[in-house]
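What the coordinates show
Chain by chain, the residues:
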Amino acid sequence: MITMDQIIREGHPTLRKKAEELQFPLTEEEKKTAAEMLVFLKNSQNPETAEKYGLRAGIGIAANQIDVPKRMFALHIVDEGTEPLSMTIVNPKIVSHSAQKSYLPGGEGCLSVDRDVPGFVPRYSKITVKGFTPDGEPIKKRLKGLQAIAFQHELDHLNGVMFYDHIDPDEPFRKYPDAEPLKTDEEK
Ligand code: SB7
Ligand code: NI
């Protein structure tokens, strides 16, 4: 079972390297990692297991965050008022995106970053993504809202990019002309 001890933190070189594409079929070990990442997210969002194992809640995790430098990540986003998204995606890519961007008004956080880094992180509002399930079945999806933001946060990890790389160091809360704050469910 993945716990916080396995999650590498900023300063670890693996977080800054581009992760490698996976070859199909995945090895048993790779499949196990894919499944375990999703279990970690579910455990982290369950108050009892999170408390028991000392997990920080996460909606996504990339393989290189557990020091596996391969192109896969898991997302588990439920209860967002939209259709739930719960998957591990292998060799993910964005095939098209909106011009419009959006950002979380409260900024982003990261399981590999043990500090608050305030500031807006502009991301594409809508993306069309492709990839594969761990069994090699093709995935194609359109994502928006928090799901799109989280997908881009995880894809960044696979490319060695951290969320704060996108924050303007001189003016962390600057308003971007092409970006709007992500609306909460109540505001929609
Ligand atoms: C805020 C949080 C996340 C994504 C987008 C906005 C995920 C945080 C957990 N992770 O560190 C995953 O890489
Ligand atoms: Ni992260």
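Placed above this text is the structure.
Residues numbered from 1 in each chain as written. Chains lettered and ligands numbered in written order. Predicted model: local features only at pLDDT ≥ 70, side-chain atom pairs only at ≥ 80, totals over all residues. Heavy atoms only, no water.

What about the environment of Pro69?
Its place among the elements puts Pro69 in the loop between β1 (60–62) and β2 (72–77). Residue Pro69 is classed as partly exposed on the basis of its relative accessible area of 42%. Look past the residues within four positions of Pro69 in its chain and what remains in contact with it is Thr14, Ala19, Glu20 and Asn64. (Helix = DSSP H or I, 4+ residues; strand = E, 2+ residues; numbered from the N terminus. Buried < 20%, exposed > 50% of the residue type's maximum accessible area, 1.4 Å probe, protein only. Contact = heavy atoms within 4.5 Å.)

What about the pattern of salt bridges?
Inspection of every chain in the model, using the stated rule, returns 9 salt bridges. Where Arg115 meets Glu10, a salt bridge forms, and the shortest distance between an N and an O atom there is 2.7 Å. On the criterion of sequence distance, the pair formed by Arg115 in the loop between β4 (101–103) and β5 (123–124) and Glu10 in the segment before α1 (28–45) is long-range, its members being 105 residues apart. For Arg115, a relative accessible area of 45% gives the class partly exposed. (Salt bridge = Lys/Arg side-chain N within 4 Å of Asp/Glu carboxyl O.)

Side note on the site of ligand 1
As a structural note, the neighbourhood of ligand 1 is formed by Ile59, Gly60, Gln65, Leu104, Glu108, Gly109, Cys110, Leu111, Ala150, His153, Glu154 and His157. Note that a nitrogen atom of ligand 1 is positioned 3.5 Å from one of the backbone N or O atoms of Gly60. Within the side chain of His153, an N or O atom sits 3.2 Å from an oxygen atom of ligand 1. Here ligand 1, which alone exposes 360 Å², has 92% of that area covered by the protein. Broken down by element, the residue count for the shell around ligand 1 peaks at 4 residues, all from helix α3 (residues 145–158). When grouped by side-chain class, the residues that make up the shell around ligand 1 number 5 nonpolar, 5 polar and 2 charged. (Near = heavy atom within 4 Å. Polar contact = N/O pair within 3.5 Å; in protein donor to acceptor, adjacent residues only side chain to side chain. Areas by Shrake-Rupley, 256 points an atom, 1.4 Å probe, with all protein chains shown as cover. Nonpolar A, V, L, I, M, F, W, Y, C, P; charged D, E, K, R; others polar.)

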